[in-house]
Amino acid sequence: MIKPHGSDELNPLYVYDSEKRHALLAEAENLPSLLLNSAAAANAVMLGGGYFNPLTGYMNLADSLSVAENMHTVDGLFFPVPIVNLSNETGITAGSRLALRDPNVEGNPVIAVMDVAAVENVSEEQINFMAEKIFRTLDPKHPGVATFTGLGRTLISGDIQVLSFSYFQADFPDTFRTAVEIRNEIAEHGWEKVVAFQTRNPMHRAHEELCRMAMEQLDADGVLIHMLLGKLKPGDIPAEVRDASIRKMVEVYFPPNTVMVTGYGFDMLYAGPREAVLHALFRQNCGCTHLIVGRDHAGVGDYYGGFDAQTIFDEEVPADALELEIFKADHTAYSKKLNKVVMMRDVPDHGKDDFVLLSGTAVREMLGKGIAPPPEFSRPEVAKILSDYYQALDAGK
């Protein structure tokens, strides 16, 4: 199986030994507390699950600035985005031990215990420098920029021991998986070549066929459909609805034992190219050999070029940085001429009218009215789940 990033073995920061975990939870009750923001809590979940291997905790300011600038820590570890614990809290001192509390669970239970290595003030200039490098814009309307620049100006770094996976295990027991669990499941399947498909949306025919194309062209053993379960921007479809629709599609339209449907606990960054590289890194940690990167991967609005998330791997990611390889995909759509889903680059003789193309707004309106999109665009079983959701949503307004 493909090695994790940066180490021979995966080193998740979750404390699996129940005796040690209970002892840490008891200790945490007497430690000073820090209520995390959602971004820092999501980072703890990803560190706990081994997704951000080989990191041992939150980055300090020097590493954060270095990673933002050139995707390497000061010591030369390749990492595409700063993994930080930014806060507005003052009064925390280096050398102390902290109980980190979860902002996303009622009662704010302890999510991790932290050994504070450094507490550093971050200037406005430094925050903006990092944001501009990560998101390629400082536009406050960009949801990632708005979140990152609003996290705080105190950077608290150091190693953590993770004691909980927040709300993800309880809310998504069938779907949330750690990188450790996915690696184990891939090994149980006996898969060697595994293609990951990243999604924060339901999957329509084009996405389904894209997974199939990648499997066939790479002669892969299986596909990991890996959906984001954390916070999105307003208007995005909730995780439980996406989960139901994707599972139905896999159940009906894929052969048994060729697809794993799983999810990970992280808040969407909307960082386009940089987030695509992060997706690649943590899919390698999951045991995947390839990641599908399509048009405007992890993008939002028109902040990124259609294929920026592909070209970053050619232009900015060193050849030896990751073992995982990228499967570069074009826009996929149903061809009326060929009666199948194709990649647009493969059919240069097609014009716009030769494809079944629908805007997200048009699909949303149809589903809200109980009208199924054409079967060439969306599987009827998937459309039914989405239509029920939108009609209930509209009825409740």
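As a reminder, the structure under discussion sits directly above these lines.
Residues take numbers from 1 onward in each chain, read along the sequence in its written order. Per-residue local features of the predicted model are confined to residues with pLDDT of at least 70, and side-chain atom pairs are confined, for both listing and counting, to 80 or more; whole-chain, interface and lining totals are unaffected and use all residues. Excluded from the side-chain calculations are hydrogens and water; all other atoms, namely the structure's heavy atoms, are used.

1. Brief notes about helix H1 (residues 18-28)
A 1.4 Å probe rolled over the protein chains alone gives each residue an accessible area, and that area as a share of the maximum for its type sets the label: buried under 20%, exposed over 50%, partly exposed in between. Comment: elements are numbered from the N terminus, with helices defined as DSSP H or I runs of at least four residues and strands as E runs of at least two. Regarding H1, the residues found buried are Arg 21, Leu 24 and Ala 28. End-on, the buried residues of H1 take up no more than an arc of 65 degrees, which puts them together on one face. When checking whether two residues touch, look at their non-hydrogen atoms; a contact exists if any pair is within 4.5 Å. Turning to H1, the residues buried within the fold contact strand E4 (97-101), strand E5 (110-121) and strand E6 (154-162). Pairing of N or O atoms within 3.5 Å defines a polar contact, subject to two protein rules: one partner must be a possible hydrogen donor and the other a possible acceptor, and residues neighboring in sequence count only if both atoms are side-chain atoms. Its side-chain oxygen placed 3.0 Å from the backbone nitrogen of Glu 19, Asp 17 serves as the N-cap of H1. Read the arc as the range of directions from the helix axis to the C-beta atoms.

2. Considering the nonpolar core
Take the buried Ala, Val, Leu, Ile, Met, Phe, Trp, Tyr and Cys residues and link them wherever side-chain atoms come within 4.5 Å; each set so joined is a nonpolar core. Counting 126 residues, the largest nonpolar core has Phe 52, Leu 100, Phe 148 and Ile 160 as its most contacted members. In this structure Ile 160 touches Leu 13, Ala 44, Leu 47, Thr 56, Gly 57, Tyr 58, Leu 100, Ala 112, Val 113 and Met 114, once residues within four positions along its chain are discounted.

3. Concerning the pattern of salt bridges
Each reported salt bridge corresponds to a side-chain nitrogen of Lys or Arg within 4 Å of a carboxyl oxygen of Asp or Glu. Evaluated as defined, the whole model comprises 18 salt bridges. Ionic pairing is found between Arg 212 and Glu 209, a salt bridge with its closest N-O pair at 3.0 Å. In this pair, Arg 212 and Glu 209 both sit in helix H8 (residues 205-218), three residues apart, roughly one turn of the helix. One network of salt bridges, with partners in common, ties together Glu 208, Glu 209, Arg 212 and Arg 379.

4. So, the sheet that holds strand E7 (residues 194-199)
Judged by pairing direction, the sheet is parallel, and its five strands sit side by side in the order E9-E8-E7-E10-E11 without closing on themselves. Of all strands in the sheet, those bounded by a partner on one side alone are strand E9 (259-264) and strand E11 (325-328). Direction aside, neighbouring strands of the sheet carry axes that sit 30 degrees apart on average. Should DSSP find at least two bridges between two strands, the strands are taken to pair. Where E7 meets strand E8 (residues 222-228), six bridges bridge the pair, whose relative direction is parallel. The residue bridging Phe 197 from the neighbouring strand is Ile 225, located in E8. Here, axes are lines fitted to C-alpha atoms. For helices the fit covers the stretch in contact, and angles between N-to-C directions go from 0 to 180 degrees. Its contacts with the sheet put H8 on E7, E8, strand E10 (290-293) and E11, and the angle it makes with E7 is roughly 160 degrees. Here helix H10 (residues 273-286) sits on the sheet in contact with E7, E8, E9, E10 and E11, set at roughly 155 degrees to E10.

5. Things to note about the pairing of E10
A regular strand places its side chains on the two faces of the sheet in alternate fashion. Here E10 shows two buried faces, one formed by His 290 and Ile 292 and the other by Leu 291 and Val 293. Here two bridges tie E7 to E10, and the two strands are oriented parallel to one another. Within E10, the position partnered with Ala 196 by the bridge is Leu 291. Taken together, the four bridges between E10 and E11 define a ladder with parallel strand orientation. In the sheet register, Ile 292 faces E11, and the bridge partner there is Phe 327. With its strands directed away from the observer, a crossover is right-handed exactly when the path from the first strand over the helix to the second travels clockwise. Once you follow E10 into helix H11 (residues 308-315) and on to E11, the crossover reads as right-handed.

6. Examining the environment of Met 268
Note on placement: Met 268 falls in the loop between E9 and H10. When its relative accessible area of 8% is taken as the criterion, Met 268 is described as buried. In the structure, Met 268 is positioned 226 residues away from Ala 42 in sequence and 9.7 Å away in space, judged by C-alpha atoms. If sequence neighbours within four positions are ignored, Met 268 has contacts with Arg 200, Leu 228, Lys 231, Leu 232, Glu 275 and Ala 298.

7. Quick notes on the packing of helix H12 (residues 360-368) against helix H13 (residues 380-395)
At a closest axis distance of 7 Å, the pairing of H12 and H13 adopts a crossing angle of 80 degrees. Comparing the axis directions of H12 and H13 gives the class roughly perpendicular. Side by side, H12 and H13 meet where Arg 364, Leu 367 and Gly 368 of the first sit next to Ala 383, Leu 386, Ser 387, Tyr 390, Gln 391, Leu 393 and Asp 394 of the second. Amino acids outside the nonpolar list (Ala, Val, Leu, Ile, Met, Phe, Trp, Tyr, Cys, Pro) and the charged list (Asp, Glu, Lys, Arg) are all regarded as polar, and Gly is one of them. Residues of the contact of H12 with H13, tallied by class, amount to five nonpolar, three polar and two charged. An angle below 35 degrees is treated as roughly parallel, one above 145 as roughly antiparallel, one from 65 to 115 as roughly perpendicular, and anything else as oblique.

Interpretation note: all reported values are geometric properties and have no functional meaning in isolation.
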